[in-house]
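# Residue-level structural notes
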Amino acid sequence: MLRTVALIVAAGRGHRVGGSLPKQYRELAGHPVLFHTIRAFANHAAIDAVCTVIHPDDERLYRTAISELDFGHGGVLLTPVNGGETRQNSVRLGLESLAQETPRAVLIHDGARPLIDSALITRTIDALEDHIGAIAALPISDSIKRATADDNLIDQDIARSGLWR
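Every value quoted in this text rests on a predicted model; they were computed, and no experiment measured them. In this numbering scheme, every chain counts its residues from 1 along its sequence in written order. This being a predicted model, a pLDDT of at least 70 is required before a residue's local features are given, and a value of 80 or more before pairs of side-chain atoms are given or counted; all residues contribute to the totals for chains, interfaces and linings. Side-chain metrics rest on all non-hydrogen atoms present in the structure, leaving aside hydrogens and water.

### Concerning the pairing of strand β4 (residues 49-54)
The following threshold applies: Exposure classes here rest on a 1.4 Å probe applied to the protein chains alone. A residue is buried below 20% of its type maximum, exposed above 50%, and partly exposed in between. Secondary structure elements follow DSSP: runs of H or I no shorter than four residues count as helices, runs of E no shorter than two count as strands, and numbering proceeds from the N terminus. In short, DSSP must find at least two bridges between two strands for them to pair.
Taken across its 6 residues, β4 has 6 buried, putting it largely inside the fold. Note that strand β1 (residues 4-10) and β4 share 6 bridges and pair parallel. By the bridge assignment, valine 5 is partnered in β4 with alanine 49. Judged from the 2 bridges that link them, β4 and strand β5 (residues 76-77) form a sheet pairing that is parallel. Within β5, the residue paired with alanine 49 across the bridge is valine 76. Bridge count between β4 and strand β6 (residues 81-82): 2 bridges; the pairing is parallel. The residue bridging valine 53 from the neighbouring strand is valine 81, located in β6.

These figures capture arrangement, not role.
Structure follows, in C-alpha cells:
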C-alpha cells in the first residue's frame, strides 16, 4: 500500500499564456516546467509515488519531460492518467486511478507550478495527521490594491491580514 501519493494535474492547455506549447512543457532552467514540479515531490522522502494527469495528446511531451527524472529514495512514478475536459474532471480521473493503490493521503498539485518547496509539502502532509483534508497556502506578502470602476486609479488599500494564496 502506498502511504502518500502526489497527484500532479498537468492536462491543461495553458491558453492564457499563448503559444503552441502548453506551459507545463515549456523550458525552465534547462528542463520542462513539469519536470521541476514532479521532481519536487519525487525528491520528498514522505512521497511514496507520483501520478501525473496529462492531456491525451501530450504523451510524447510527458515522456520527454520525465526522461531525466530520478526518485532518489525508492518512490515510484505511476503510469500517467489521461485528463478530462476540466481541471475538476482531471482531478477526479486521477483520484479514480489511485483507487486500487488505496493511499492514506493524496496531495493534489498543479503541474505548471514548479516552485513548491519541501517544507510546504511537509507541512501539508503533517496537517493531514490531524485533519481529513488540508490545503497548502502561504500568507500574502504583496501590497493589495482595489482599483476604481474604470481601473484607472487606486481606490483602496486592502489589508493583507487574513489573506492567503
